Amino acid sequence: MKHTLSVLVEDEAGVLTRIAGLFARRGFNIESLAVGPAEQVGVSRITMVVPGDDNSIEQLTKQLYKLINVLKVNDITQTPCVERELMLLKVNASAANRAEVLELVQVFRAKIVDMSEETVTVEVVGDPGKMVAIFQMLNKFGIREVARTGKIALTRESRVNTEYLKSLEAKVF
């Protein structure tokens, strides 16, 4: 199972290196990693997606707490969250298929951020499922390049689980 960890750390040189070293020593792969300033000056939030079972993630969390500069570790996998990711895709778009590419971009509420005679560069923001879906749809045209940020997430203060709401909506409609 993939776990999403939200880690608050002191914003100092070498913190990310120590965390990456811990993961490497324990044989864990980091599938997604995003780092940026948090709400407090001098603190950064690291959002990681890590595969593992509950026990191994619990052990990893304990090890993270032992590192200097780690302030707080939350496994937010089962917590209602707002999750987003950014992806840029450079897609083949000749005159013959450009209209179809542009239509798909609109359907996914993505943006065209660059265009040439042979390609369009698309910016997609959304949850990880949206990234997979648009990638699959645009792949038939030929994707020349792709760049993705890691997943970022914040817990929902409302505690509303949107996955649960989606399942209810599916049953009603």
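Read on for an overview of the structure.

About the cut-offs
- Residues numbered from 1 in each chain as written.
- Predicted model: local features only at pLDDT ≥ 70, side-chain atom pairs only at ≥ 80, totals over all residues.
- Heavy atoms only, no water.
- Pairing = 2+ DSSP bridges.
- Helix = DSSP H or I, 4+ residues; strand = E, 2+ residues; numbered from the N terminus.
- Axes fitted to C-alpha atoms, helices over the stretch in contact; angles between N-to-C directions.
- Contact = heavy atoms within 4.5 Å.
- Buried < 20%, exposed > 50% of the residue type's maximum accessible area, 1.4 Å probe, protein only.
- 1 Å grid on protein atoms, 1.4 Å probe; cavity = no way out; pocket = protein on both sides within 12 Å on 5 of 7 lines; lining within 4 Å.
- Points joined across faces, edges and corners; volume = space filled by probe spheres on them.

One key point about sheets: their strands pair by backbone hydrogen bonds, in either a parallel or an antiparallel sense. Sheet architecture is open: 4 strands sit in the order β2-β3-β1-β4, paired in antiparallel fashion. The sheet is open, and its two borders are formed by β2 (32-37) and β4 (70-75), each paired with just one other strand. Within this sheet the neighbouring strands show an average axis-to-axis angle of 15 degrees, counted without direction. As paired elements, strand β1 (residues 2-10) and strand β3 (residues 43-51) share 9 bridges and run antiparallel to each other. Of the residues in β3, the one forming a bridge with L8 is R45. Against the sheet, helix α2 (residues 54-66) engages β1, β3 and β4, with an angle of about 170 degrees to β4.

It is worth spelling out unusual backbone geometry at this point. The backbone of N69 shows a phi angle near 80 degrees, a positive value even though the residue is not glycine. For N69, the location among the structural elements is in the loop between α2 and β4. Residue classification places N69 among the buried residues on the basis of a relative accessible area of 8%. For R109, which is not glycine, the phi torsion reads 55 degrees and is therefore positive. Residue placement: R109 occurs in the loop between α3 (98-107) and β6 (111-115). For R109, a relative accessible area of 73% gives the class exposed.

Its volume calculated, the largest pocket comes out at about 740 Å³. Forming the walls of the largest pocket are 30 residues, and the residues nearest its centre are E83, D127, P128, G129 and K151. The element contributing the most residues to the lining of the largest pocket is strand β5 (residues 81-92), with 5 residues.

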